[in-house]
Amino acid sequence: MSTADATTPVVEPLRPIRSGRSRNHAEQWSWLFMRGSGVLLLVLIFTHLFINLFSGDGVNQIDFAFVAGKWASPVWKIWDFVMLVLAMIHGGNGMRLLINDYARETWMRKTLKTLLTACVATIVVLGSLVIFTFDPCPLDASGDLLPGVPTFCEDVR
Ligand code: HEM
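What you are looking at is a predicted structure, and each value in this text was computed from that prediction instead of being measured.

Visitor: Residues and numbers for the site of the ligand, please.
Guide: All residues in the neighbourhood of the ligand are listed as Met-34, Arg-35, Gly-38, Leu-41, Leu-42, Ala-87, His-90, Gly-91, Gly-94, Met-95 and Leu-98. Arg-35 places a side-chain nitrogen or oxygen 3.3 Å from an oxygen atom of the ligand. One of the side-chain nitrogen or oxygen atoms of His-90 is found 2.9 Å away from a nitrogen atom of the ligand. At the level of elements, helix H1 (26-54) and helix H3 (74-102) are the ones that each hand at least two residues to the shell around the ligand. The element best represented in the shell around the ligand is H3, accounting for six residues. For the shell around the ligand, the per-class residue count stands at six nonpolar, four polar and one charged.

See the structure below:
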């Protein structure tokens, strides 16, 4: 049962912000981008979940070796990178729309959008570093983390 009833006050979104100048149909592109990236994210995320959680041993297979095995292939590196960047831009743009709708003061909108941009950029940079600098054989590791291939780390050194 819903907790809202006819007497519950509803906070209406503000009217759209008009900057007074044409922004090259930016909001139309934004609308289209949210739908296009949504469809792509569906494919990227559900394939990711299927491979990681359903195929093979399911959730029990996820460990350091599983990640190392996946990221040995450039296909999964690119897949994870595209998923990261697209989800962050999609989520960041969605949050931008929510800020435009609900933040009433100009200074508040600017502050929140600056914080949002910083968060999106930080997560994209850190996530990309994890994906592209991942080392399956860290110097201080014996190679035990890669069961089934005990000599793998000695072989690659
Ligand atoms: C399964 C994949 C996804 C699909 C199909 C999808 C689809 C969509 C669509 C169509 C919209 C536009 C809604 C509107 O304009 O009213 C939207 C908005 C949004 N999405 Fe996604 N999305 C997905 C994943 C994500 C992810 C991973 C994030 C976070 C990183 C995210 C965050 C948001 C936010 C914050 C909004 C704005 C919500 C609003 O305006 O009320 N979405 N999504």
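Visitor: Which residues make up the packing of aromatic side chains, and what are the values?
Guide: The full count for this structure, using the stated rule, is five aromatic pairs. When the ring of Phe-50 is compared with that of Phe-54, the centres are 6.3 Å apart and the planes differ by 20°; the resulting orientation is stacked. Taken together, the residues span about one helical turn, with Phe-50 and Phe-54 both in helix H1 at a distance of four residues. Judged by its relative accessible area of 48%, Phe-50 is partly exposed. Under the relative-accessibility criterion, Phe-54 is labelled exposed at 63%. Through pairs of rings, three or more aromatic residues link up here, namely Phe-64, Trp-71 and Phe-134. The ring of Trp-76 is capped by Lys-70, whose NZ or CZ atom sits 4.5 Å from the centre of that ring.

Visitor: Quick rundown of the coordination of the iron atom of the ligand? Include the residues and the values.
Guide: Ideal coordination angles are 109.5 degrees for a metal with four donors arranged tetrahedrally and 90 or 180 degrees for a metal with six donors arranged octahedrally. Donor atoms from the protein around the iron atom of the ligand number only one, His-90 (NE2), found at 2.1 Å. In this structure, His-90 sits in helix H3.

Visitor: Please set out the nonpolar core residue by residue, giving values where relevant.
Guide: Membership of the largest hydrophobic core is limited to 10 residues, which are Trp-71, Trp-76, Leu-84, Met-88, Ile-99, Ala-103, Leu-116, Val-120, Val-124 and Ile-131. Of all elements in the fold, only H3 and helix H4 (106-132) reach the threshold of two or more residues within this core. With sequence-adjacent residues up to four places away left out, Leu-84 is seen in contact with Ile-123, Val-124, Gly-127, Ser-128 and Ile-131.

Visitor: Could you give an account of the confidence of the model for the protein chain, naming the residues involved and the relevant values?
Guide: Residues at a pLDDT of 70 or more form 78% of the protein chain, whose mean pLDDT is 86. Averaged pLDDT values for the elements of the protein chain fall to 64 in helix H5 (residues 152-156) and rise to 98 in H4.

Visitor: Please give an account of the environment of Ala-72 that cites residues and values.
Guide: Structurally, Ala-72 can be placed in the loop between helix H2 (64-70) and H3. Separated by 63 residues in the primary sequence, Ala-72 and Asp-135 place their C-alpha atoms 9.8 Å from one another.

What counts and what doesn't
Residues numbered from 1 in each chain as written. Predicted model: local features only at pLDDT ≥ 70, side-chain atom pairs only at ≥ 80, totals over all residues. Heavy atoms only, no water. Near = heavy atom within 4 Å. Polar contact = N/O pair within 3.5 Å; in protein donor to acceptor, adjacent residues only side chain to side chain. Helix = DSSP H or I, 4+ residues; strand = E, 2+ residues; numbered from the N terminus. Nonpolar A, V, L, I, M, F, W, Y, C, P; charged D, E, K, R; others polar. Phe/Tyr/Trp six-rings, centres within 6.5 Å; stacked < 30°, edge-to-face > 60°. Buried < 20%, exposed > 50% of the residue type's maximum accessible area, 1.4 Å probe, protein only. Lys NZ or Arg CZ within 6 Å of the ring centre and 35° of its normal. Donors = N, O, S within 2.8 Å, 3.2 Å for Na, K, Ca; no water. Core = buried A, V, L, I, M, F, W, Y, C linked by side-chain atoms within 4.5 Å. Contact = heavy atoms within 4.5 Å. pLDDT = per-residue confidence, 0-100.

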